[in-house]
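Structural overview for review
Letter by letter, the chains look like this.
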Amino acid sequence: MLSSRMALRRLQRIAVAPLSFTSGATTKVQRDMSTLPRVYVTRQIPSEGLKILQDSGQVQFELWDSDDVPVPRKELLQKVKGVDGLLCVLTEKIDAELLDAAGSNLKVVSTMSVGFDHLSLEELKKRGIRVGYTPEVLTDAVAELTVALLLATSRRLIEATHEAKTGGWGTWRTLWLCGYELANSTVGILGLGRIGVAIAERLAPFKVKKFIYTDVAPRPELAKAINAEYVTLDELAKQSDFLSVCCALTPETKEICNKNLFSKMKNTSIFINTSRGGVVNQEDLYEALSTGQIAGAGLDVTVPEPLPTSHPLFTLKNCVILPHIASASYSTRNAMSALAANNLLLGLRSQPMIKELKL
């Protein structure tokens, strides 16, 4: 498995080469850029991806030139009219309305994300539109953040920092701010893929006693790498001291983490979600945390995003909430950007993408 730095260097080397022309054709293309496929980029993506698009000489593109504010829906529907390709991020809903607005020229959608719950896959399939996405290059960054969030939650680091800053740090006390350690624990993984394996590999040196997992079916090859045991969802809840959610959001996994799951967990267990907010019923999670059914939760994803500051989960000391930053390292975001750009260009040339979602 490549690190994001190695992946970025590889993607830079294999950046889709400019089309070859005779000298006369080159002059004509330079003179009339309007003949090139039109692309709309829905966000100011990291520089590596933009550079690949610019240097390719294969497309004319326009972008929403902001990384702080998503393109307004009304403007997005206007900008996609007649485009051949669309490079988007997970904040844009690519649905029938948008595809109708784009029209029949649209051949490729390339999303700078590993998740694709913002894409209406049936609508894309019906129209014969190819879809590129960016798995694998973010595995290391997400795994690192998951471990950091797990430790921050289980060892109550956010609470401790607050106490130190606000005068709560008094005399030494025997059980003040005690948390739960990984040594001799059972770690459960809901959805065992590359990220789940990478998380387990990073947790193993903490002397974890046992790894267990559940998925739609046993995954023996992946499980072998971390010596993990396949169990049912109920057993995962009952046995796990730490439960990390790594599954994709699908109709089957929507709110799979609900009252039924939390009621089976230990009152000393820690729940971590760095996958998609939609896999958790947040009302049930609030009840589990506020009543002491489980000890703590760490969330990098919520519904909606951003989560309103008035949301009840923010009132709980035993709930750590991050603003969806699992893949937020410079090398990973640049690698995602480069992969998304390469997928787009290859798709427009009717060539195999580096990472294509099979519809």
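Here the structure is a predicted model, which is why all the values come from computation and not from measurement.

Okay, the overall build of the chain next. Broken down by element type, the chain carries 14 helices and 13 strands. For the chain, the C-alpha radius of gyration of 23 Å lies close to 21 Å, the compact-globule estimate for 359 residues. Along the three orthogonal principal directions, the C-alpha set of the chain runs to about 80 × 45 × 35 Å. Residues counted as buried form 48% of the 359 residues belonging to the chain. Measuring between centres, the 41 positive side-chain charges of the chain sit 4 Å from its 37 negative side-chain charges.

Right, let's get into the UniProt feature "domain: D-isomer specific 2-hydroxyacid dehydrogenase catalytic" (unreviewed entry) in the chain. When the UniProt feature table is mapped onto this chain numbering, "domain: D-isomer specific 2-hydroxyacid dehydrogenase catalytic" (unreviewed entry) sits at residues 39-355. Across residues 39-355, helical content stands at 36% and strand content at 15%; the span's end C-alpha atoms are separated by 19 Å.

Moving on to the environment of Leu285. Along the polypeptide, Leu285 turns up in helix α13 (residues 282-290). Discounting residues that sit within four places of it in the chain, Leu285 has contacts with Phe262, Phe271, Val280, Ile294, Ala297, Leu299 and Leu313.

Before going further, it helps to spend a moment on the pairing of strand β1 (residues 38-41). The pairing of β1 with strand β2 (residues 60-63) spans four bridges and is parallel. Directly across from Val39, in β2, lies its bridge partner Phe61. Two strands pair when backbone bridges link them, and β1 and strand β3 (residues 85-88) are joined in this way by three bridges, in the parallel orientation. Among the inter-strand pairings, Tyr40 is bridged to a residue of β3, identified as Leu86.

Judged by nonpolar contacts, the single largest core of 51 residues is most densely connected at Leu53 and Leu203. Each of domain 1 (34-136 + 331-357) and domain 2 (157-165 + 177-317) gives at least three residues to this core. Those residues in contact with Leu53 that sit more than four places away from it in its chain are Val41, Val59, Phe61, Leu87, Ala341, Leu344 and Leu345. Membership of the second largest hydrophobic core comes to 26 residues, among which are Val245, Phe262, Ile294 and Leu299.

Next up on the list: the domain arrangement of the chain. Domains assigned within the chain are domain 1 (34-136 + 331-357) and domain 2 (157-165 + 177-317). Summarising the inter-unit geometry, the C-alpha centres of domain 1 and domain 2 are found 32 Å apart.

Burial analysis of strand β7 (residues 210-214) places four of its five residues in the buried class, which makes it a mostly covered element. The sheet contact formed by strand β6 (residues 186-190) and β7 spans five bridges and is parallel. Across the sheet, residue Gly188 finds its bridge partner in β7, namely Ile212. In this fold, the crossover linking β6 to β7 by way of helix α9 (residues 194-203) has right-handed handedness. Pairing of β7 with strand β8 (residues 228-230), which is carried by three bridges, proceeds in the parallel orientation. Paired with Phe211 across the strands is Ala228, a residue of β8.

Within the UniProt annotation, "domain: D-isomer specific 2-hydroxyacid dehydrogenase NAD-binding" (unreviewed entry) is assigned to residues 147-326. Here residues 147-326 runs as 32% helix and 16% strand, with 10 Å between its end C-alpha atoms.

On to the sheet that holds strand β5 (residues 130-132). Strand order across the open sheet formed by six strands is β2-β1-β3-β4-β5-β13, with mixed pairing between neighbours. Among the strands making up the open sheet, the edge pair consists of β2 and β13 (356-357). Here helix α14 (residues 330-348) sits on the sheet and contacts β1, β3, β4 (108-111) and β5; the angle it forms with β4, its principal contact strand, is near 170°.

Here the focus is the packing of aromatic side chains. For the structure on display, the rule yields three aromatic pairs. Centroid distance Phe262 to Phe271: 5.3 Å. Interplanar angle 85°. Geometry classified as edge-to-face. Just as Phe262 is buried, Phe271 falls in that class too. Geometry around Trp176 places Arg173 over its ring, the cationic atom sitting 4.2 Å from the centre.

Here the focus is the side chain of Thr214. Residue position: Thr214 is located in strand β7. Thr214 gets classed as buried once you look at its relative accessible area, which sits at 7%. There is a polar contact of 2.9 Å between the side chain of Thr214 and the backbone oxygen of Val231. In contact with Thr214, other than residues within four places in its own chain, are Ile189, Leu190, Gly191, Leu192, Tyr230, Val231, Thr232, Leu233 and Leu236.

At a closest axis distance of 9 Å, the pairing of helix α7 (residues 139-154) and α9 adopts a crossing angle of 50°. When the interaxial angle is binned, α7 and α9 end up oblique. Helix-helix and strand crossings are classified by hand; for α7 and α9 the assignment is right-handed. Across from Thr139, Asp140, Val142, Ala143, Glu144, Thr146, Val147 and Leu150 in α7, the residues of α9 making contact are Arg194, Ile195, Ala198, Ile199, Arg202 and Leu203. Across the contact of α7 with α9, the residue classes break down as eight nonpolar, two polar and four charged.

Basis of the calculations
- All residue numbers refer to position in the chain's written sequence, counted from 1.
- Local features in this predicted model are restricted to residues of pLDDT 70 or higher, and side-chain atom pairs are both shown and tallied only at a pLDDT of 80 or more, whereas totals for entire chains, interfaces and linings draw on every residue.
- Only hydrogens and water are set aside when side-chain values are computed; all heavy atoms of the structure are taken into account.
- The helix and strand labels rest on DSSP assignments: H or I over at least four residues marks a helix, E over at least two residues marks a strand, and numbering proceeds from the N terminus.
- Note on method: radius of gyration uses C-alpha positions; expected globular size equals 2.2 Å times residues raised to 0.38.
- For every residue, the accessible area obtained with a 1.4 Å probe (protein chains only) is divided by the maximum for its type, and the residue is called buried under 20%, exposed over 50%, and partly exposed between those limits.
- Positive charges come from Lys and Arg alone, negative charges from Asp and Glu alone, with His and the N- and C-terminal ends not counted.
- Just so you know, the charge point we use is NZ for Lys, CZ for Arg, CG for Asp and CD for Glu.
- UniProt positions are given in the numbering used here, feature names are shortened, and annotations may be inferred rather than shown by experiment.
- Any two residues whose heavy atoms approach within 4.5 Å are treated as being in contact.
- Strand pairing follows a simple DSSP-based rule, namely that at least 2 bridges must link the two strands.
- Side-chain atoms within 4.5 Å are what join buried Ala, Val, Leu, Ile, Met, Phe, Trp, Tyr and Cys residues into a set we call a nonpolar core.
- Note that domain bounds follow an automatic or database assignment of domains.
- For the handedness criterion, the strands are oriented away from the viewer, and a crossover whose path from the first strand over the helix to the second runs clockwise is classed as right-handed.
- Note on geometry: axes are lines fitted to C-alpha atoms, helical ones only across the stretch in contact, with angles between N-to-C directions running from 0 to 180 degrees.
- Within 6.5 Å between ring centres, the rings of Phe, Tyr and Trp (the latter by its six-membered ring) count as paired, and their orientation is classed by plane angle as stacked under 30 degrees, edge-to-face over 60, tilted in between.
- The criterion is that NZ of a Lys, or CZ of an Arg, lies within 6 Å of the ring centre and within 35 degrees of the ring normal, and then a charge sits over that ring.
- Whenever two N or O atoms come within 3.5 Å, that pair is a polar contact, provided that in protein one can donate a hydrogen and the other can accept it, and provided that, for residues adjacent in sequence, both atoms are side-chain atoms.
- Note on angle classes: values under 35 degrees are labelled roughly parallel, values over 145 roughly antiparallel, values of 65 to 115 roughly perpendicular, and the remainder oblique.
- Crossing handedness is read from the near helix: turned anticlockwise from the far helix by less than a right angle, it gives a left-handed crossing, and turned clockwise, a right-handed one.
- Each residue is assigned to one of three groups, with Ala, Val, Leu, Ile, Met, Phe, Trp, Tyr, Cys and Pro labelled nonpolar, Asp, Glu, Lys and Arg labelled charged, and all others, Gly among them, labelled polar.

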